[in-house]
Amino acid sequence: MPRPARADTDGKQQERILSAALDAFSKAGFEGAKVREIAAVAGCNHSIIRYYYENKDKLWRAAVRYLFERMDREMQIDDRERKALQSGCAEAFETYLRRYVNYCARHPDHARIMVQASVRSDERLTWAADQFIRRQHQSLLPVLRTLIEKKVLPDCDPVHLIYIISAGCQMMFTLSPEIEATHGITIDADQTEAYASAVISLVLCRR
């Protein structure tokens, strides 16, 4: 049975709100982001945001949940790819890294909002770690350990590797305004692919 048109409209409106909220929180942080400005970008009255989310804290949490659900969708792999990763296949890990770099290119707000949350290091960060980040890392750690054992990755603490890889994949897009101001480089599809290849070469120690 099809959903009512009203539900579809509400869903699209909430998606616009959450996208605008992610952008605002990633650039201005929790304290600096303004609900009225988020509403203006989303094309709605700020009272609509209050209706859906009650307050800015609940809006932040809804936006972060939306962010991680988006990441799960866009980084989803099938059973064949999962088994290849778990077996320590270098080619499967290369594919995974390239997909992650492209995700970071599409969504620089992800790294920016988590950096903002880490700077404050408050209960919202604890909530995000408990709800999303720890689960992601726990699924990745066995893969990294296997890749280390097979000498695909350097022999170091796999937790360190998570942050080395994350920073490497994210940084060009997180700091894209700096890169453009300093080097005159605009991030496009060609730059993204070249950057992905550079990250893969460094992580997998290829010449």
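Residues numbered from 1 in each chain as written. Predicted model: local features only at pLDDT ≥ 70, side-chain atom pairs only at ≥ 80, totals over all residues. Heavy atoms only, no water.

### With respect to unusual backbone geometry
Most peptide bonds take the trans form, and the phi angle of most residues other than glycine is negative.
Here is step 1 of the chain: Its identity as a non-glycine residue notwithstanding, E54 has a phi of 70 degrees, on the positive side.
Here is step 2 of the chain: Mapped onto the elements of the fold, E54 is located in the loop between α3 (46–53) and α4 (56–74). (Helix = DSSP H or I, 4+ residues; strand = E, 2+ residues; numbered from the N terminus.)

### A short note on the pattern of salt bridges
Here is step 1 of the chain: Tallied over the entire structure, the rule returns 16 salt bridges.
Here is step 2 of the chain: Between R120 and E31 there is a salt bridge; the shortest N-O distance is 3.4 Å. With R120 in helix α7 (residues 108–120) and E31 in helix α1 (residues 5–32), this residue pair connects regions lying 89 residues apart in the sequence.
Here is step 3 of the chain: With its nearest N and O atoms 2.8 Å apart, the salt bridge here joins D57 to R61. (Salt bridge = Lys/Arg side-chain N within 4 Å of Asp/Glu carboxyl O.)

### Thoughts on the packing of aromatic side chains
Here is step 1 of the chain: The full count for this structure, using the stated rule, is 9 aromatic pairs.
Here is step 2 of the chain: Each ring, one from F25 and one from F30, has its centre 6.0 Å from the other, and the planes form 10 degrees; the classification is stacked.
Here is step 3 of the chain: Residue class for F25 comes out buried when judged on its relative accessible area of 1%.
Here is step 4 of the chain: Residue F30 is classed as buried on the basis of its relative accessible area of 11%.
Here is step 5 of the chain: Consider the rings of Y100 and Y103, whose centres lie 6.5 Å apart with planes at 10 degrees: the pair is stacked. With Y100 and Y103 both in helix α6 (residues 90–106) and 3 residues apart, this pair spans about one turn of that helix. In this pair, the class of Y100 matches that of Y103, namely buried.
Here is step 6 of the chain: Sitting over the face of the ring of F30, K56 holds its NZ or CZ atom 4.8 Å from the ring centroid. (Phe/Tyr/Trp six-rings, centres within 6.5 Å; stacked < 30°, edge-to-face > 60°. Buried < 20%, exposed > 50% of the residue type's maximum accessible area, 1.4 Å probe, protein only. Lys NZ or Arg CZ within 6 Å of the ring centre and 35° of its normal.)

### Considerations on helix α5 (residues 79–86)
Here is step 1 of the chain: Structurally, the start of α5 carries an N-cap: the backbone nitrogen of R80 is 3.2 Å from a side-chain oxygen of D78.
Here is step 2 of the chain: Directly beyond the C-terminal end of α5, a positive phi value near 85 degrees is found at G88. (Polar contact = N/O pair within 3.5 Å; in protein donor to acceptor, adjacent residues only side chain to side chain.)

### Digging into the confidence of the model for the chain
Here is step 1 of the chain: Residues of the chain with pLDDT of at least 70 account for 96%, and the chain-wide mean is 93.
Here is step 2 of the chain: The spread of mean pLDDT over the elements of the chain runs between α1, the lowest at 87, and α6, the highest at 97. (pLDDT = per-residue confidence, 0-100.)

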